[in-house]
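Observations on the model geometry
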Amino acid sequence: MKKDHYILGIETSCDETAASIVKNGTEIISSIVSSQIQQQKKFGGVVPEIASRLHVEQITLVIQEALNEAKLVPSDLVAVTVTEGPGLVGALLIGINAAKAFAFANQLPLIGVHHIAGHVYANQLIHEMEFPLLALIVSGGHTELVVMKSHGSFELIGETRDDAAGEAYDKVARVLGLPYPGGPQVDQLALMSDEGIDFPRAWLEKDSYDFSFSGLKSAVINYKHNMEQKGGKINHAHVAAGFQQSVVEVLTVKTVKAAREYDVKQVIAAGGVAANQGLRKSLTAALEKEGIPFYVPPISLCTDNAAMIAAAGYEMWKSGVRNDSSMNGRPGMPLKSWN
Amino acid sequence: MIWLGIDTANSPLSVAIVKDDVLLIEESSMMKINHSLRAMPAVEEACRKADITPSEIDAIAVSEGPGSYTGVRIGVTIAKTLAWTLDKPLYGVSSLKALAFNGQLFNGLICSVIDARRSNVYAGVYRAKGTDLVSVLEDQHCPVAQLLEKLKECKEAVLFVGEDVKLYESIIREHLGKQAYIAPFALNVPRASSAILLAQSANQPEIVHTFTPQYKRITEAEANLMKKGSSYE
Ligand SMILES: [Zn+2]
């Protein structure tokens with residue numbers, strides 16, 4: 001009988017302290033996420049020093065809960081995997097040092113995982129990956145198009161040149177006076193209107209898969225100021241809908257174009273903004289028309305979690321990737337292939 | 001009984017292993033190094049040199065701050081993760097008290113100082129009592145001038161300990177004159193063995209999961225929020 005392989009994943013790159021046990025890289029046995037949203041809310045965003053302080057308070061509890069829920073002990077594990085970067089450096093360091101200490105105490109191999117590789121591999125937890133595939137990663141920190149020809153091989157074909165999609169959502173939410181985190185509320189508002197304000201689309205160069213959202217954000221701010229100067233009232237739902245239409249259209253068109261060009265077997269979406277209803281609908285419809293299978297994990301696996309780190313870490317472990325205890329947090333870590 | 005001691009509260013790094021009241025190994029470095037790179041390797045190296053496996057460790061002492069926010073968090077995270085997963089008692093020791101221990105033989109007050117920038121310091125004032133230190137002025141974050149005024153009122157000889165004392169040497173002399181003694185460099189090294197010794201005289205181990213650093217200072221974001229009078233929304 002084949003032996004099962006259990007991997008511990010740890011993720012502390014931003015404002016969630018998370019730990020998870022994943023079996024054979026595809027099955028979640030436990031996934032614990034302790035979110036700081038309530039504590040960070042009053043600051044209107046994530047304060048890095050507070051994020052780090054809260055991670056220290058939660059880290060061992062969260063790992064313990066992941067083990068308890070899985071009914072496993074450390075000796076059942078084959079490796080400890082942890083987000084190495086990118087992210088907030090002080091936050092990353094908590095997960096990394098806990099992972100190092102845990103690995104040393106239990107004499108387990110240690111593996112540092114790229115956060116975006118994690119988001120991509122979240123899909124491995126719901127559906128087997130087939131290559132080549134195209135992944136669209138959209139979150140508060142990222143907007144990336146990645147082509148994978150095999151496990152552990154990443155080719156970054158496009159990324160944002162300024163704001164991440166989720167960042168633009170949060171900023172527009174602030175303009176509309178919505179409380180943090182505003183992204184999901186913009187999505188909600190947008191669904192309530194079918195006549196969006198006409199905001200620009202940033203297509204960039206003809207062949208580029210890169211993105212830019214800062215111009216759109218400025219257009220929303222200008223629109224609000226202009227209306228206010230004229231003494232007019234702005235319809236928040238129309239603004240949200242117009243903004244969302246612009247973001248979703250650019251993301252969808254570029255994704256479909258890349259899927260065609262790279263002749264992929266599947267497209268997957270990941271990251272916090274992949275939870276956006278408008279984006280899901282648009283990608284689903286567009287890719288259905290192309291006849292390309294499209295997968296997006298459930299919302300709990302779109303937002304930051306540790307199961308995705310363990311899922312990616314499992315493939316790294318199988319490929320023989322190992323880190324030693326001098327691993328550092330890498331806030332600007334580039335996405336590199338391990339195969 | 002095997003103790004592991006860790007101090008990364010400031011730029012120095014110190015790791016020690018004590019077995020049955022014998023200091024087997026202690027490695028301290030005053031270089032400005034990245035604790036995230038060096039702390040865990042130093043722990044592993046000390047265990048290897050002392051020929052100890054992780055499960056043989058019986059208790060862990062860690063410097064809990066105050067000091068560099070990131071530095072102290074790294075030491076505390078390592079210590080609490082080890083203590084939790086090995087199921088061994090954890091003891092947090094004030095980084096200022098551990099540093100003050102270097103002046104244990106001084107006849108008078110011992111004031112350990114860690115720079116907190118902009119003429120502010122973290123400081124603790126202690127007096128030796130046997131192998132322990134008793135607190136005379138609670139560990140605090142304060143303007144250096146305020147600390148020196150309080151010490152002046154004590155009218156006692158004060159030994160200043162810590163690498164950062166040299167930043168304030170002239171103002172110390174100005175305020176305290178002959179009352180002040182400045183420790184020589186050999187006494188400015190935080191020693192993880194001191195943390196172990198002080199932990200041994202502690203009554204109760206920490207509750208591991210909820211154990212956090214002693215920052216002695218709220219974050220800037222919290223301070224700003226309080227100034228504005230709460231409620232961001
Ligand atoms: Zn993420």
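In this text the structure is predicted, and so the values were computed from the model without any measurement. (Residues numbered from 1 in each chain as written. Chains lettered and ligands numbered in written order. Predicted model: local features only at pLDDT ≥ 70, side-chain atom pairs only at ≥ 80, totals over all residues. Heavy atoms only, no water.)

In this section: the sheet that holds strand β10 (residues 294–295) of chain A. All names here are of chain A. One open sheet accounts for five strands, arranged β8-β7-β6-β9-β10; its pairing is mixed. Taken across any chain shown, the strands that pair with only one partner, and hence form the sheet edges, are β8 (155–159) and β10. Two elements, strand β7 (residues 143–148) and β8, share four bridges in a ladder whose sense is antiparallel. Among the inter-strand pairings, L145 is bridged to a residue of β8, identified as G158. Strands in contact with helix α8 (residues 236–261) are β6 (133–138), β7, β8 and β9 (266–270); relative to β6, the strand with the most contacts, it is inclined by about 160°. (Pairing = 2+ DSSP bridges. Helix = DSSP H or I, 4+ residues; strand = E, 2+ residues; numbered from the N terminus. Contact = heavy atoms within 4.5 Å. Axes fitted to C-alpha atoms, helices over the stretch in contact; angles between N-to-C directions.)

Our next topic: the confidence of the model for chain B. Per-residue pLDDT for chain B averages 94, and the proportion of residues at 70 or more is 98%. With a pTM of 0.94, the predicted complex shows an ipTM of 0.95. (pLDDT = per-residue confidence, 0-100.)

Moving on, we get to the packing of aromatic side chains. This model, assessed by the stated rule, comprises ten aromatic pairs over all chains. Measuring from centroid to centroid gives 5.8 Å for F199 of chain A and Y223 of chain A, while their planes differ by 90°, and the two rings are edge-to-face. Here F199 of chain A, found in the loop between α6 (183–191) and α7 (214–229), pairs with Y223 of chain A, found in helix α7; they are 24 residues apart in sequence, far enough to count as distant. Among the aromatic residues, ring-to-ring pairing joins Y121, F154 and W338 of chain A into one connected group. Its end group placed over the ring of Y69 of chain B, R53 of chain A keeps NZ or CZ at 4.7 Å from the ring centre. One cation-aromatic arrangement involves R53 of chain A over Y215 of chain B; the distance from NZ or CZ to the ring centre is 3.7 Å. (Phe/Tyr/Trp six-rings, centres within 6.5 Å; stacked < 30°, edge-to-face > 60°. Lys NZ or Arg CZ within 6 Å of the ring centre and 35° of its normal.)

Residues and elements named next belong to chain B. Looking at the assigned domains, one finds that chain B contains domain 1 (2–95 + 190–227) and domain 2 (102–187). Of note, the centres of domain 1 and domain 2, computed from C-alpha atoms alone, are 23 Å apart. If you look at the interface, domain 1 gives 15 residues, while domain 2 gives twelve residues. Counting the surface lost from both domain 1 and domain 2, the interface buries some 1,100 Å², and carbon and sulfur atoms represent 52% of this. Taken as a group, L198, K216 and R217 account for 39% of the area that domain 1 buries against domain 2, more than any other trio of residues on that side. Inspection of the region where domain 1 meets domain 2 yields zero salt bridges. Across the contact surface, domain 1 and domain 2 share two residue pairs in polar contact (both at pLDDT 80 or more). Among the residues making up the side of domain 1 that touches domain 2, the classes are represented as six nonpolar, six polar and three charged. (Domains from an automatic or database assignment. Buried area = accessible area lost by both parts, 1.4 Å probe. Salt bridge = Lys/Arg side-chain N within 4 Å of Asp/Glu carboxyl O. Polar contact = N/O pair within 3.5 Å; in protein donor to acceptor, adjacent residues only side chain to side chain. Nonpolar A, V, L, I, M, F, W, Y, C, P; charged D, E, K, R; others polar.)

Residues and elements named next belong to chain A. Looking at the zinc ion, the protein donor atoms are H115 (NE2), H119 (NE2) and D304 (OD), and they sit 2.1 Å from it. Ordering the donors of the zinc ion by residue number gives the pattern H-x3-H-x184-D. In this pair, H115 and H119 are both assigned in helix α4 (residues 115–121), four residues apart and thus about one turn of the helix distant. The exposure class assigned to H119 is buried, which follows from its relative accessible area of 0%. (Donors = N, O, S within 2.8 Å, 3.2 Å for Na, K, Ca; no water. Buried < 20%, exposed > 50% of the residue type's maximum accessible area, 1.4 Å probe, protein only.)

Now for the interface of chain A and chain B. On the chain B side, the residues contacting the 35 residues of chain A number 36 residues. For the pair chain A and chain B, the summed buried area comes to about 3,100 Å², and 67% of that belongs to carbon and sulfur atoms. Considering only the surface of chain A that becomes buried against chain B, R53, T60 and F104 of chain A emerge as the three largest contributors, covering 23% of it. In this assembly, chain A and chain B are joined by one salt bridge. Of all the elements in the fold, those that place two or more residues in the side of chain A that touches chain B are α2 (48–70) and α3 (89–105) of chain A. Considering every element that reaches the side of chain A that touches chain B, the biggest residue donor is α2 of chain A, with twelve residues. Here the side of chain A that touches chain B is composed, by residue class, of 18 nonpolar, eleven polar and six charged.

Looking now at the environment of F199 of chain A. Its relative accessible area of 5% is what places F199 of chain A among the buried residues. Sequence separation of F199 of chain A and Q245 of chain A is 46 residues, and the distance between their C-alpha atoms is 8.4 Å.

Overall, the coordinates contain one cavity of 30 Å³ or more when judged by the stated rule. Its boundaries defined by the atoms lining it, the largest cavity holds a volume of some 30 Å³. (1 Å grid on protein atoms, 1.4 Å probe; cavity = no way out; pocket = protein on both sides within 12 Å on 5 of 7 lines; lining within 4 Å. Points joined across faces, edges and corners; volume = space filled by probe spheres on them.)

Here the focus is unusual backbone geometry. Note the cis peptide between F131 of chain A and P132 of chain A, where omega equals -5°. Locating P132 of chain A in the fold gives a position in the loop between α4 and β6. Residue P66 of chain B is reached from G65 of chain B by a cis peptide bond, and omega for that bond is 5°. Counting through the fold element by element, P66 of chain B comes out in the loop between β4 (59–63) and α2 (69–86). The phi dihedral of D21 of chain B falls on the positive side, at around 65°, and the residue is not glycine. As for its placement among the helices and strands, D21 of chain B is situated in the loop between β2 (13–19) and β3 (22–29). Of note in this structure, R118 of chain B is not a glycine but carries a positive phi near 50°.

Formed by 90 residues in total, the largest nonpolar core has its most connected members in L8, I21, I63 and F102 of chain A together with L4, I17 and L82 of chain B. Among the elements that take part in this core, α3 of chain A stands out by supplying eleven residues, more than any other. Not counting residues within four places of it along the chain, the set of residues in contact with I63 of chain A comprises L8, I10, A19, A98 and F102 of chain A together with W84 of chain B. (Core = buried A, V, L, I, M, F, W, Y, C linked by side-chain atoms within 4.5 Å.)

Residue and element names in this part refer to chain A. Applying the stated criterion to the full structure yields 22 salt bridges over all chains. Residues K318 and E315 are paired through a salt bridge, measuring 3.8 Å at the closest nitrogen-oxygen approach. Of the two residues, K318 and E315 both sit in helix α11 (residues 307–318), three residues apart, roughly one turn of that helix.

So, on to the packing of helix α1 (residues 35–49) of chain B against α2 of chain B. Residues and elements named next belong to chain B. As a packed pair, α1 and α2 sit with axes 10 Å apart at the nearest point and diverge in direction by 30°. With respect to α2, the element α1 is oriented roughly parallel. Note on packing geometry: the crossing formed by α1 with α2 is right-handed. Of α2, the residues touching α1 (which contributes H35, S36, A39 and M40) are G71, I74 and I78. Per-class residue counts for the contact of α1 with α2 are four nonpolar, three polar and no charged. (Parallel < 35°, antiparallel > 145°, perpendicular 65-115°, else oblique. Left-handed = near helix turned anticlockwise from the far one by under 90°.)

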